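Chains, contacts and geometry: an overview
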Amino acid sequence: MQKNKQKNKQDSKQVYKVGSLFAGVGGICLGFMNAKTKKSRYKMVWANEIDEFACTTYRTNFKHTLLEGDIKKVLHPELLKPDKNFNNNNLEKESDFDARVQEYERYVKLHEQILSEPIDVLNGGFPCQAFSIAGEQKGFEDERGNLFLNIVDLIEQLGEKFYKPRVLFLENVKNLQGHDKGRTYKVIKEKLEGCGYTIFEHVLNTMYYSDLPQNRERIYIIGFLNKEDAERFITFTDERLEALHNNKTSEDRENDVKAVIDYTLNKDIAGKYYYTREKYPHYFVTEEEFKNSDKNTRINLGEQVDEMYQFYQCRRGMYVRKNMSNVCPTLTANMGTGGHNVPLIKVNDGVRKLTPAETFKLQGFPVGDGYKLPEEHKGKKYSDAQLYKQAGNAVSVPVITMLAEEILRTLENQ
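Another point: empty space enclosed by the protein. One pass over the structure, following the stated rule, counts 1 cavity of 30 Å³ or more. The space that makes up the largest cavity amounts to roughly 30 Å³.

In structure tokens:
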């Protein structure tokens, strides 16, 4: 009886339907799914992602429709339409032609699915490598930068068939706002305003707007189609941001770290994540070895990674640095490939890097409590490198939930 009452209470809420572009492993989707008020909530209708490994992680955790494929082709399957003048006598070309026919038919189906029903909210963390300070910063000159224009394209297509989404929610790297002296973001904002939206943007740091101990600055872009909604939106005002801002002490940060780092792991269980002299002698240089070398600096992780509940980096293999803000430095996609931003921690029996599960937890994914990391991909063991990449590309789920609930309150005050 109690379950039925709860179900009826949930069914009485206003439900806003959501579509998600560039969904990755579902951070924005999960943030919206977690968001709710007494009056309203969200429902995921579909998500789109092109990376096959990310799609495996996504399908492991979500039941709603995942449209796997290139969004440009999803929106314009006619680009793949096979040539009618194909020469049937060429068997090699015939095989290629059959494959093109299958791809075309698959994308026609995806196109029908993405336009199968209207949505109230369109969200997406559109690819940021083209704008990131960690990349070459080519912006719209990079194909990944041009992927933003697919958002505008989908808005227009939804508008022609049904109506435009009432709300836009986009996320990107902090550097987007200053890229090319502000011209890149100026174009983005003008394109969205040209679709009829009033646009708000603000850079938020995960460490100040959640319990996650990670220094992660991202720009959040929120757009409202209705002028009345925009007039009620106050989240990015100084007063509201101050109310949402946390004031963590060093003791608070330590507890937050303990909540995401598994200090029960040891070398017997997780030996591959440990840094030892046997595996990395250049990271455990003694004073005597240093004196007899031509190196300018000495690295000895056993000596320099010396505090529990803190995070360190071995910067380009040249020096060790402790993150002074008592939180983890920004997780990056390259940390699984030996990049220079690999967070290290001191544990009871040595020094190790974060496990994939811990990096996901640092983004707010409830690994072990409703969210699962895949073990296989196409019959092969799932790569740690892919999981590190996915965590580095992901969003901080609690920050998304906070903003999604702020949007619900804005929509409720009609």
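This brings us to helix 2 (residues 27-34). The buried fraction of helix 2 is high, at 6 of 8 residues. For helix 2, the full list of buried residues reads Gly27, Ile28, Cys29, Leu30, Gly31 and Phe32. The inward-facing, buried residues of helix 2 contact strand 1 (14-21), strand 2 (40-49), helix 3 (52-61), strand 4 (121-124), strand 5 (167-173) and helix 17 (397-412).

Right, let's get into the side chain of Asn246. Mapped onto the elements of the fold, Asn246 is located in the loop between helix 10 (238-244) and helix 11 (250-260). Among the polar contacts listed, one links the side chain of Asn246 to the backbone oxygen of Met207, at a separation of 3.2 Å. One polar contact links the side chain of Asn246 to the main-chain carbonyl oxygen of Ser210, over a distance of 2.9 Å. If we skip the residues at most four places from it in the chain, Asn246 touches Met207, Tyr208, Tyr209, Ser210 and Arg253.

Taken across its 5 residues, strand 11 (residues 343-347) has 4 buried, putting it largely inside the fold. Of the strand pairs in this sheet, strand 9 (residues 312-315) and strand 11 are connected by 2 bridges, and their pairing is antiparallel. Bridge pairing in strand 11 links Tyr312 to Leu344. Pairing geometry for strand 11 and strand 12 (residues 350-353), over 4 bridges, is antiparallel. Among the inter-strand pairings, Ile345 is bridged to a residue of strand 12, identified as Arg352. Between strand 11 and strand 12, which pair antiparallel one after the other, the connecting turn spans 2 residues.

Ordered in space as 8-12-11-9-10, the 5 strands form an open sheet in which the pairing is antiparallel. Single-partner strands in this sheet number two, and they are strand 8 (274-275) and strand 10 (319-322). For strand 9 and strand 10, the ladder comprises 4 bridges, and the chain directions are antiparallel. Within the sheet, the bridge partner assigned to Cys314 lies in strand 10 and is Val320.

Direction vectors running N to C along helix 3 and helix 16 (residues 384-393) enclose 80 degrees, while the axes themselves pass 10 Å from each other. By the criterion of interaxial angle, the relationship of helix 3 to helix 16 is roughly perpendicular. On helix 16, the residues touching Phe53, Ala54 and Thr57 of helix 3 are Gln386, Leu387 and Gln390. When grouped by side-chain class, the residues that make up the contact of helix 3 with helix 16 number 3 nonpolar, 3 polar and no charged.

Rules used throughout
Residues numbered from 1 in each chain as written. Predicted model: local features only at pLDDT ≥ 70, side-chain atom pairs only at ≥ 80, totals over all residues. Heavy atoms only, no water. 1 Å grid on protein atoms, 1.4 Å probe; cavity = no way out; pocket = protein on both sides within 12 Å on 5 of 7 lines; lining within 4 Å. Points joined across faces, edges and corners; volume = space filled by probe spheres on them. Buried < 20%, exposed > 50% of the residue type's maximum accessible area, 1.4 Å probe, protein only. Helix = DSSP H or I, 4+ residues; strand = E, 2+ residues; numbered from the N terminus. Contact = heavy atoms within 4.5 Å. Polar contact = N/O pair within 3.5 Å; in protein donor to acceptor, adjacent residues only side chain to side chain. Pairing = 2+ DSSP bridges. Axes fitted to C-alpha atoms, helices over the stretch in contact; angles between N-to-C directions. Parallel < 35°, antiparallel > 145°, perpendicular 65-115°, else oblique. Nonpolar A, V, L, I, M, F, W, Y, C, P; charged D, E, K, R; others polar.

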